[in-house]
Amino acid sequence: MRSQSERPNPLFRNLNAKIASIPMVLTALVVFVGGTAWTVLYSFTNSKLLPRWKFVGLDQYERLWSTPRWLVSIENLFIYGALSLVFSFVIGFLLAAMLDRKIRFEDTFRTIFLYPFALSFIVTGLVWQWLLNPDFGVQHVVRSLGWESFTFNPLYDRELVIYGILIAALWQGTGLIMCLMLAGLRSIDEDIWKAARVDGIPVWKTYLFIVIPMLRPVFVTTLVIIASAIVKVYDLVVAQTGGGPGHASEVPAKYVYDYMFLGQNLGQGFAASTMMLLSVVIVIVPWAYLEFGRRGRR
Amino acid sequence: MRYRSVTAMLAASAAALAFAGSAGATDLEVTHWWTSGGEAAAVAELAKAFDATGNHWVDGAIAGSGDTARPIMVSRITGGDPMGATQFNHGRQAEELVEAGLMRNLDAVAAKENWKGVINPPSLLEGCMLDGHVYCVPVNIHAWQWLWLSNKAFADAGVKVPTNWNEFVAAAPALEKAGITPLALGKQGWQEGGLFNNLLLAIGGKDLYLKVYQDKDAEAAGGAEMAKVFKAADDARKMAKNSNVQDWNQATNLVITGKAGGQSMGDWAQGEFQVAGQVAGKDYSCLVGLGMPNATITTGGDSFYFPKLADEAKSKAQEELASVMLSPKTQVAFNLKKGSMPVRGDVDLTTANDCMKKGLEVLKAGNVIKSTDELISPDTNTQFNDLMAEFFAKQDMSVEDAQKRFADIIGSAD
């Protein structure tokens, strides 16, 4: 009995820290959770320019999923997402590994690779809009060098346009990924490399089987950064193609914005953003369960 | 006519003087999205006229376009930080703000200055009214229904400059053979939608246009008459196949340089020809209503709305601004710079160029019709533009499919 009453109530453990975090907890609850709940709730109404509480059931969702533009957006997000994830990782890691081999002028290269990240997506989009324009950009240059039949026109081809956007996104983003990976590589103990060399393990095997598994925390951070960038991609598309040709490069975030503000149809925009939230939840929840659930048991 | 305009001018200046005497200097912020060279010069005329009443115009230009600016304006008004006055296009963009009671009515000024009598066409004032109250001041008329043609392109192709849409379509193969893109078209939904509506009005006629957009008659939208319009849109799609540009002014530039035969775009495109130093009739030709018989123009354009303010002095200044914007002197000065047409029929525009005069004649004859901005909601308009963007980009999308989806949109329109 006595020993139990002496044990402090877990609620009051680290009381100072808990009081200090109250403002942030409130912000999170009211702004993030509250705002999200409000959005989801109003996605079941027929709100136009101003939110109004007139319940219409699943009408907005039915309209959403029968709109070709939305379906194209989702498809694009999947293509762009999968490729962007893979290529960011591969290119970022390869660049980092090369810089990590103690090459000359490492600082210069690092700066060059990281520079595009200093540009906003709007600027990146405009630069690549011109570079990929058939009449002014790469195609024009190659043709003027004498290869008359050369064709490289992704932005005006419905099938290829999403890859044109991918190129610009990778150009802009891989520098950051490289830096994250490089920081991870630098934190690997020199002794591990020495030990691997003594054991006669080839360099590529050392990377693949020793270094990469050790970089797991860095990879998780990188994954979160890339994934969030994928879901919210908007400005790049607006600057580079405006969603065109036709709807070929539309993305969900653009659909949400266009219907909320240009179409003055909040209900439709809310329904679309709720679907975006749902897709994030579907990805995040199992991952968080695996990641944190296991740590809890450990 | 002459006498009337003089009296109107006198009345307006007398009113302006009376106001100037009574009010002190009040700052009034006016938001708008007129930021290009010609537009900024035009807006400066409004500011000058307002400052002359003893008040002070605080310029709240929002760069980008209407699409960028409108959400900012709306959120300022709904968020409780209203400006003194704000631009919107004629029509339904501010409808809900008015319904929510966020805009003040201008009945007193309108009655005093007889807006009902002077604003021409009357549909403009109707567009400003809700339940019999006036909520906005129309300041200009921009018509969409123009076909701009490059005389050089047709000379290069060895065909004569067309005088209507059908001749233009017939001349397309010759243009293509000469390596010229027949139709310049920026690959954005609103431009493609605009072109389509121009075809609808020119080929389908006024009645069909109203049946579709005013009565929202899905049967007419899916009918045989409408099929002709879609056929024409299909021609346009083929003619614009090689037009690899996005912005409307880039497309206009193709026409100016003779790389494209023509472009169907509103009268704001004329500013580009003027800046490039081209002369109407010599370097370029303009066909109102695409040159088809019974040319009709839509009376889109810009209006100013006045949010409700608590400040007495500012409310007073709002009325003065409304009055100044409609005064004949300001109307002439503003619209000549803007390249648009005045909203009152009793002002004299002898300095307007040939193309603008053609437009004014149509306006004077009363061949006007409400623009789609006034007839359908922004939501429907966005859906329609989406469909057009898809139709013009997918060469393999069949005309029947497109028409069926168009009829669906019209059927569920509001």
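Residue positions within a chain follow its written sequence, with the count starting from 1. Labels follow written order: the first chain is A, the first ligand is 1, and so on. At least 70 in pLDDT is required for a residue's local features to be given in this predicted model, at least 80 for side-chain atom pairs to be given and counted, and no such filter applies to totals for whole chains, interfaces and linings, which use all residues.

### A few points about helix α10 (residues 189–213) of chain B
Residue and element names in this part refer to chain B.
Link 1 in the chain: Comment: elements are numbered from the N terminus, with helices defined as DSSP H or I runs of at least four residues and strands as E runs of at least two. Between the first and last residue of a helix there are one fewer steps than residues, each counted as 1.5 Å, and that sum is the expected span. Under the 1.5 Å per step criterion, the end-to-end length of α10 is only 18 Å for 25 residues, more than 12% shorter than the ideal 36 Å.
Link 2 in the chain: The seven residues ending at a residue and the seven starting there each receive a fitted axis; the angle between those axes is the bend at that residue. At G205, α10 shows its maximal bend, which comes to roughly 125°.
Link 3 in the chain: A large share of α10 lies buried, amounting to 20 of its 25 residues. To sort residues by burial, count the other C-beta atoms lying within 10 Å of each one's C-beta; a count of 20 or more means buried, 12 or fewer means exposed, and anything in between means partly exposed. C-beta atoms are built from the backbone.

### Some details on the nonpolar core
Link 1 in the chain: In this structure, I165 of chain A together with W148, L199, Y305 and M325 of chain B are the most contacted members of the largest nonpolar core, which totals 159 residues.
Link 2 in the chain: It is α10 of chain B that provides the largest number of residues to this core, a total of 11 residues.
Link 3 in the chain: When sequence neighbours within four positions are dropped, the list of residues in contact with I165 of chain A reads Y80, L236, V237, Q240, T241 and S249 of chain A.
Link 4 in the chain: Among the nonpolar cores identified, the runner-up in size contains 14 residues, and M178, M181, L182 and L185 of chain A belong to it. Residues enter a nonpolar core if they are buried, belong to Ala, Val, Leu, Ile, Met, Phe, Trp, Tyr or Cys, and are joined to the set through C-beta atoms within 7 Å. Placing a C-beta atom from the backbone of each residue, one calls two residues in contact when those atoms lie within 7 Å.

### Quick word on the packing of α10 of chain B against helix α12 (residues 224–239) of chain B
A pair of packed helices is captured by two measures, namely the crossing angle of their axes and the spacing between those axes.
Residues and elements named next belong to chain B.
Link 1 in the chain: Here, axes are lines fitted to C-alpha atoms. For helices the fit covers the stretch in contact, and angles between N-to-C directions go from 0 to 180 degrees. Interhelical geometry of α10 versus α12 gives an angle of 155° and a closest axis separation of 9 Å. The orientation of α10 relative to α12 falls into the category roughly antiparallel. Both α10 and α12 take part in a crossing whose hand is right-handed. For the pair α10 and α12, the contacting residues are L195, F196, L199, L200, I203, G204 and L208 in the first and E225, M226, K228, V229, A232, A233 and A236 in the second. Every angle not falling under 35 degrees, over 145, or within 65 to 115 is termed oblique; those three ranges are roughly parallel, roughly antiparallel and roughly perpendicular. Each helix crossing is assigned a hand: it is left-handed if the near helix lies turned anticlockwise from the far helix by less than a right angle, otherwise right-handed if that turn is clockwise.

### A word on the domain arrangement of chain A
Residue and element names in this part refer to chain A.
Link 1 in the chain: Entries for chain A in the domain assignment read domain 1 (1–42) and domain 2 (58–297).
Link 2 in the chain: As annotated, the domain borders come from an automatic or database domain assignment. Each of domain 1 and domain 2 has a C-alpha centre, and the two are 35 Å apart.
Link 3 in the chain: Across the boundary between the two partners, domain 1 contributes four residues, which contact six residues of domain 2.
Link 4 in the chain: The residue inventory of the side of domain 1 that touches domain 2, partitioned by class, reads two nonpolar, two polar and no charged. Nonpolar residues are Ala, Val, Leu, Ile, Met, Phe, Trp, Tyr, Cys and Pro. Charged residues are Asp, Glu, Lys and Arg, and all others, Gly as well, are polar.

### Comments concerning the domain arrangement of chain B
Residues and elements named next belong to chain B.
Link 1 in the chain: When cut into domains, chain B gives domain 1 (2–142 + 300–368) and domain 2 (146–298 + 373–411).
Link 2 in the chain: Each partner contributes residues to the interface: domain 1 has 20 residues there, and domain 2 has 18 residues.
Link 3 in the chain: Ranked by residue count, the leading element in the side of domain 1 that touches domain 2 is helix α17 (residues 354–364), at six residues.
Link 4 in the chain: For the side of domain 1 that touches domain 2, the per-class residue count stands at four nonpolar, 13 polar and three charged.

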